[in-house]
Amino acid sequence: MELKRVVVTGMGAVTPLGNTTEETWKNLIEGVSGAGPITHFDASLFKTQFACEVKDFNVGNYIDRKEARRMDLYTQYALAAAKMAVDDSGMDLEAVNKDRIGVVFGVGIGGIHTFEEEAGAYALTGKELGPKYNPFFIPKMIADIASGHISIMYGFHGPNYTTTSACASSTNALADAFNLIRLGKADMILSGGAEAAIWPAGVGGFNAMKALSTRNDDPEHASRPFSASRDGFVMGEGAGCLILEELEHAKARGAKIYAEMAGAGMSADAHHITASHPEGLGAKLVMERALEDAEMKPEEIDYINVHGTSTHVGDISEAKAIKDVFGSHAYELNISSTKSMTGHLLGAAGAVEAMASVMAVKEDIIPPTINHEEDDKDEEIDYDLNFTFNTAQKRTVRAALSNTFGFGGHNACVIFKKYAE
């Protein structure tokens with residue numbers, strides 16, 4: 001069976017750097033930090049009091065406000081990103097075969113704020129007055145509901161489900177969507193991820209395991225991947241949606257094409273519930289599998305958007321894995337962590353970072369890894385690698401690889417390349 005080719009024909013984003021793909025990309029290239037004091041709740045008693053929140057989000061621009069009240073914030077972000085992607089794709093909703101359009105979305109945590117509110121209300125009054133749960137509690141909270149709402153909004157009857165693999169969730173979603181299309185199971189799939197976990201349980205939970213930066217006096221410089229003084233990741237939120245489409249279908253409707261999706265890989269560290277393998281064995285394997293799937297040589301990759309969360313073990317192990325996979329070509333690559341600007345969007349990270357990779361391929365420019373200082377070097381990291389510190393770099397980008405690694409040892413990797421007939 002000959003596999004079909006898959007291209008990216010639409011994108012939408014709600015991120016700490018902007019409420020559109022264009023604004024997000026502009027701020028990525030300019031090296032803007034999305035970090036600041038937490039406004040979603042009073043974090044004054046928490047070890048970490050800052051995050052990369054979405055700013056000035058107006059849900060009424062995308063969906064009816066009455067309907068929005070029946071949705072957790074992560075679902076609202078997902079619907080906004082999906083609407084932007086559909087609009088960007090230029091698809092004629094009256095002409096496309098909706099039975100052949102699907103939605104595969106990644107979510108790491110889901111409706112944590114909804115759960116907090118309902119469980120908190122029961123803890124305060126439920127034992128005395130009896131439970132009074134909102135009838136929308138379960139449909140607001142569950143992790144699969146974002147993909148359900150997107151399909152309902154447009155009447156898409158194709159494959160519809162959610163992938164959950166912690167911080168690899170939306171990269172796994174993209175990999176699944178890619179495979180469904182190239183196997184002929186769908187013509188188009190809206191794929192990406194969403195997350196909105198900057199609430200007491202999210203921040204408090206990650207604080208308890210010492211995963212978050214506590215640089216409360218300097219939030220904008222807290223996310224500093226590959227720097228010796230890094231002290232944990234900065235939590236982010238938002239959503240990204242890519243429209244993946246079978247090439248001939250896209251050509252037939254005259255769609256613009258951002259890039260071609262070339263391959264995807266998956267692996268497991270099988271090592272620890274939270275820590276990546278110290279030698280990067282799972283990261284090495286997932287990149288090798290993505291290259292094999294794409295039928296590409298390591299020398300054909302020009303940019304890697306790394307997982308790069310700004311944690312001690314994770315940054316070191318990923319840098320080691322890159323050297324193992326790419327050999328001498330590792331020193332010809334550009335490497336960058338856009339999490340230095342967006343923070344870590346958890347289940348949505350892979351989607352937003354895939355979009356950054358697509359844009360790097362399209363625009364021939366590499367977004368930077370910000371917040372690095374020359375005298376802030378970790379002796380376990382090889383700084384002959386080009387981490388694209390602090391300033392974007394122009395270069396021809398034939399192909400870009402995007403890594404995401406999740407708690408539980410889940411690894412996923414996708415590759416995008418310039419589209420050519």
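Parameters and conventions
- Residues numbered from 1 in each chain as written.
- Predicted model: local features only at pLDDT ≥ 70, side-chain atom pairs only at ≥ 80, totals over all residues.
- Heavy atoms only, no water.
- Pairing = 2+ DSSP bridges.
- Helix = DSSP H or I, 4+ residues; strand = E, 2+ residues; numbered from the N terminus.
- Axes fitted to C-alpha atoms, helices over the stretch in contact; angles between N-to-C directions.
- Contact = heavy atoms within 4.5 Å.
- Expected span 1.5 Å × (residues − 1).
- Bend = angle between axes of the 7 residues up to and from the residue.
- Buried < 20%, exposed > 50% of the residue type's maximum accessible area, 1.4 Å probe, protein only.
- Polar contact = N/O pair within 3.5 Å; in protein donor to acceptor, adjacent residues only side chain to side chain.
- Phe/Tyr/Trp six-rings, centres within 6.5 Å; stacked < 30°, edge-to-face > 60°.
- Parallel < 35°, antiparallel > 145°, perpendicular 65-115°, else oblique.
- Left-handed = near helix turned anticlockwise from the far one by under 90°.
- Salt bridge = Lys/Arg side-chain N within 4 Å of Asp/Glu carboxyl O.

**Student:** Please clarify how the sheet that holds strand β1 (residues 6-14) should be interpreted in this entry.
**Tutor:** Note: strands within a sheet are paired through backbone hydrogen bonds, in either parallel or antiparallel orientation. Read from one edge of the open sheet, 10 strands run β5-β4-β6-β7-β1-β8-β14-β13-β9-β10, paired in mixed fashion. For this open sheet the edge positions go to β5 (160-163) and β10 (334-336), each flanked by a neighbour on one side alone. Going across the sheet, the axis of each strand differs from the next one's by a mean of 25°, ignoring polarity. In this sheet, β5 lies alongside strand β4 (residues 101-106) in parallel orientation, the contact comprising 4 bridges. Opposite Val104, over in β5, you have Tyr161 as the bridge partner.

**Student:** Looking at this structure, how should I read the environment of Ile381?
**Tutor:** Residue placement: Ile381 occurs in the loop between β11 (365-366) and β12 (393-394). Each C-alpha atom, one on Ile381 and one on Ile316, is 6.0 Å from the other, the two residues being 65 residues apart in sequence. Beyond its immediate sequence surroundings of up to four residues, Ile381 is in contact with Phe226, Arg230, Ile316 and Phe387.

**Student:** Is there a simple way to explain helix α4 (residues 112-129) in this structure?
**Tutor:** Residues three or four positions apart in an α-helix share a direction because the helix packs 3.6 residues into each turn. In this model α4 runs 24 Å from its N-terminal to its C-terminal C-alpha over 18 residues, within 8% of the 26 Å that 1.5 Å per residue would give. By the largest-angle criterion, Ala123 marks the main kink of α4, which is about 50°. Residues Ile112, His113, Thr114, Glu118 and Gly126 constitute the buried set of α4. Next to the buried residues of α4 lie α5 (137-141) and α8 (200-208). Downstream of α4 by a residue or two, Gly130 has a phi angle that is positive, lying close to 90°.

**Student:** What's the story with the side chain of Thr342 in this structure? I'm lost.
**Tutor:** Position of Thr342 among the secondary structure elements: in helix α12 (residues 339-342). What Thr342 contacts, discounting residues up to four positions off in sequence, is Pro16, Leu17, Leu28, Cys52 and Gly236.

**Student:** In this structure, what is going on with the side chain of Thr162? I would like to understand it.
**Tutor:** Secondary-structure assignment places Thr162 in strand β5. One polar contact links the side chain of Thr162 to the main-chain carbonyl oxygen of Ala143, over a distance of 3.5 Å. Among the polar contacts made by the side chain of Thr162, one reaches the side chain of Ser147 at a distance of 3.3 Å. Not counting residues within four places of it along the chain, the set of residues in contact with Thr162 comprises Phe105, Val107, Ala143, Asp144 and Ser147.

**Student:** When you look at unusual backbone geometry in this model, what are you seeing that I'm missing?
**Tutor:** When glycine is set aside, most residues are seen to have a negative phi, and most peptide bonds are trans. Of note in this structure, Glu295 is not a glycine but carries a positive phi near 55°. With respect to the helices, strands and loops of the structure, Glu295 is situated in the loop between α10 (281-294) and β9 (303-305). Judged by relative accessible area, which is 74%, Glu295 ranks as exposed. The phi angle at Leu346 is positive, at roughly 55°, despite the residue not being glycine. Its location among the elements puts Leu346 in the loop between α12 and α13 (349-363).

**Student:** Can you walk me through the packing of aromatic side chains in this structure?
**Tutor:** According to the stated counting rule, one finds 13 aromatic pairs in the structure shown. Arranged with centres 5.4 Å apart and planes meeting at 35°, the rings of Phe387 and Phe389 form a pair that is tilted. The exposure class assigned to Phe389 is partly exposed, which follows from its relative accessible area of 23%. Three or more aromatic residues joined by ring pairs make a cluster, and in this case those are Phe115, Tyr122, Tyr133 and Phe137.

**Student:** How should the environment of Ala319 be read in this particular structure?
**Tutor:** Among the structural elements, Ala319 can be located in helix α11 (residues 312-326). Put simply, Ala319 and Ala85 are 234 residues apart on the chain and 33 Å apart in space, counted from C-alpha to C-alpha. With residues near it in sequence (within four places) discarded, Ala319 still touches Phe226, Leu385 and Phe387.

**Student:** What am I meant to see in the packing of helix α3 (residues 73-89) against helix α6 (residues 145-154) here?
**Tutor:** Pairs of packed helices are described in terms of their axes, by the angle between the two and the distance that separates them. At a closest axis distance of 9 Å, the pairing of α3 and α6 adopts a crossing angle of 40°. For the element pair α3 / α6, the angle class is oblique. In this structure, the crossing between α3 and α6 has a hand that is right-handed. Across from Tyr74, Thr75, Ala78, Leu79, Ala82, Lys83 and Val86 in α3, the residues of α6 making contact are Ile145, Ala146, His149, Ile150, Met153 and Tyr154.

**Student:** Explanation requested: α6 in the structure shown.
**Tutor:** In terms of burial, α6 is a largely internal element, 7 of the 10 residues being buried. Looking at α6, one finds that the buried residues are Ile145, Ala146, Ser147, Gly148, Ile150, Ser151 and Tyr154. On its buried face, α6 sits against α3, β4, α5, β5 and β6 (188-195). With its phi angle positive at about 75°, Gly155 sits one or two positions after the end of α6.

**Student:** Would you mind showing me how to read the pattern of salt bridges here?
**Tutor:** Side-chain pairs of opposite charge can arise where the charged atoms are in close proximity. Per the counting criterion, the structure on display carries 23 salt bridges. Of the charged contacts in the structure, one is a salt bridge between Asp378 and Arg230, with a shortest N-O distance of 3.1 Å. In this pair, Asp378 is assigned in the loop between β11 and β12 and Arg230 in the loop between α8 and β7 (238-246), connecting sequence segments 148 residues apart. The exposure class assigned to Asp378 is buried, which follows from its relative accessible area of 8%.

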